[in-house]
Amino acid sequence: LLTGETKTEIAIDFIREHEPEEGYFVGFSGGKDSIVVLDLVQKAEVKHQAYYSATGIDPPEVVKFINTNYPYVIHKRPNERGCKSFYGLIVLNGFPSIFARWCCNSLKKDPTKNIPLQNRIMGLRAEESSKRSKMGQISKLKKWTIYKPIFRWLEWEIWDYIEENNLPYPSMYDEGFSRIGCVICPFICGKNQSQIDRNRARWPKHYVAFEKAMRKLWDTRDGERMIKKGYASNFEEYLNNWYTGNMVRTNKTKNESDMW
């Protein structure tokens, strides 16, 4: 079994081995994995620039943490068809769901897609999901080559590295948050009502803006159609269906369920 120190050395060697002449794009979210990756890149002394996709629905505490501790990270914001907010995009694209997760592309991937640095370092780990584990330590995504220096690290090794190197991290982790991603997300719907309640209580302005966008979507596009098809009889039911993950009815076809 490799020790944490040995894994650190291997990760640094990996970064140096694949260093492109133009330098790396380093993805930075303010989360624990990206904190470790950026520190490893800096220790490797390779040419790079770190970017943060400012989704507008990340926890404000994380945004403040990045601004305070990583002022040199470049913020990139969404701008799809002239729309620069998650809430405006709901009206354009429909609400996000586990079947139609346009938000990840629009808020996280698209803002940095035109940056010419095609060799990209990300804090992705095999432990996080079986899908990620199958992609390997180096993978291709369209025109980009994705390098993952901490691909084989376990979560406890991430925290050991942070402690040993005295790296700052968002205090939310100490408050019991295991992940510090978007405060509004279809993946926390359904079984995670307590998480939604926690998020709504902590960041009420985000949820007020979200529900206003959902109301506008209902009024301008979805309402008549949803009532006609029996998916929701009013806006309150429509919104509750999103929060509870009640997106599939037995009388719907698979293609219809993709709407939700």
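These numbers were taken from a predicted model, which means no experiment stands behind them. (Residues numbered from 1 in each chain as written. Predicted model: local features only at pLDDT ≥ 70, side-chain atom pairs only at ≥ 80, totals over all residues. Heavy atoms only, no water.)

A. Examining the side chain of D58 more closely. Mapped onto the elements of the fold, D58 is located in the loop between β2 (48-53) and α3 (60-69). Despite its burial, D58 pairs with no opposite charge, the nearest such side chain being K108 at 5.7 Å. Dropping the residues within four chain positions of it, D58 is found in contact with Y52, S53, V63, G181, C182, V183 and H206. (Helix = DSSP H or I, 4+ residues; strand = E, 2+ residues; numbered from the N terminus. Buried < 20%, exposed > 50% of the residue type's maximum accessible area, 1.4 Å probe, protein only. Lys, Arg positive; Asp, Glu negative; His and termini not counted. Salt bridge = Lys/Arg side-chain N within 4 Å of Asp/Glu carboxyl O. Contact = heavy atoms within 4.5 Å.)

B. Quick peek at the environment of K148. Residue placement: K148 occurs in the loop between β6 (144-147) and α7 (155-164). The spacing of K148 and D160 is 12 residues in sequence and 18 Å in space, taken between C-alpha atoms. One polar contact links K148 to S139, side chain to side chain, over a distance of 2.9 Å. (Polar contact = N/O pair within 3.5 Å; in protein donor to acceptor, adjacent residues only side chain to side chain.)

C. Fine view of the pattern of salt bridges. For the structure shown, the criterion picks out 13 salt bridges. A salt bridge links E80 to R81, with the nearest nitrogen and oxygen atoms 2.8 Å apart. E211 is the partner of R200 in a salt bridge, and the nearest nitrogen-oxygen pair spans 3.5 Å. Here R200, found in helix α8 (residues 193-202), pairs with E211, found in helix α9 (residues 204-229); they are 11 residues apart in sequence, far enough to count as distant. Taken together, the shared-partner salt bridges connect D33, R125 and E127 into one network.

D. Region of the structure containing the nonpolar core. Counting residues in hydrophobic clusters, the biggest one holds 66 residues, and the most contacted among them are L40, F86, F210, M214 and Y238. Excluding anything up to four places from it in sequence, F86 contacts T55, I57, P96, W102, C103, L107, I184 and F210. (Core = buried A, V, L, I, M, F, W, Y, C linked by side-chain atoms within 4.5 Å.)

E. Structural detail: the sheet that holds strand β4 (residues 119-121). Ordered in space as β3-β2-β1-β4-β6-β5, the six strands form an open sheet in which the pairing is mixed. Lying at the two open borders of the sheet, with one neighbouring strand each, are β3 (74-76) and β5 (138-141). Taken over all neighbouring pairs, the strand axes of this sheet differ in orientation by 35 degrees on average, direction set aside. In this sheet, β2 lies alongside strand β1 (residues 24-27) in parallel orientation, the contact comprising four bridges. The residue of β2 that forms the bridge with G27 is Y51. (Pairing = 2+ DSSP bridges. Axes fitted to C-alpha atoms, helices over the stretch in contact; angles between N-to-C directions.)

F. Geometry of the packing of helix α2 (residues 32-44) against α7. At a minimum axis distance of 10 Å, the contact between α2 and α7 shows a crossing angle of 55 degrees. Between α2 and α7, the angle is such that the two are oblique. Considering how the two elements wind past one another, α2 and α7 form a crossing that is left-handed. Two secondary-structure elements touch here, α2 through K32, D33, V36, D39, L40 and K43 and α7 through E155, I158, W159, Y161 and I162. Considered class by class, the residues forming the contact of α2 with α7 number six nonpolar, no polar and five charged. (Parallel < 35°, antiparallel > 145°, perpendicular 65-115°, else oblique. Left-handed = near helix turned anticlockwise from the far one by under 90°. Nonpolar A, V, L, I, M, F, W, Y, C, P; charged D, E, K, R; others polar.)

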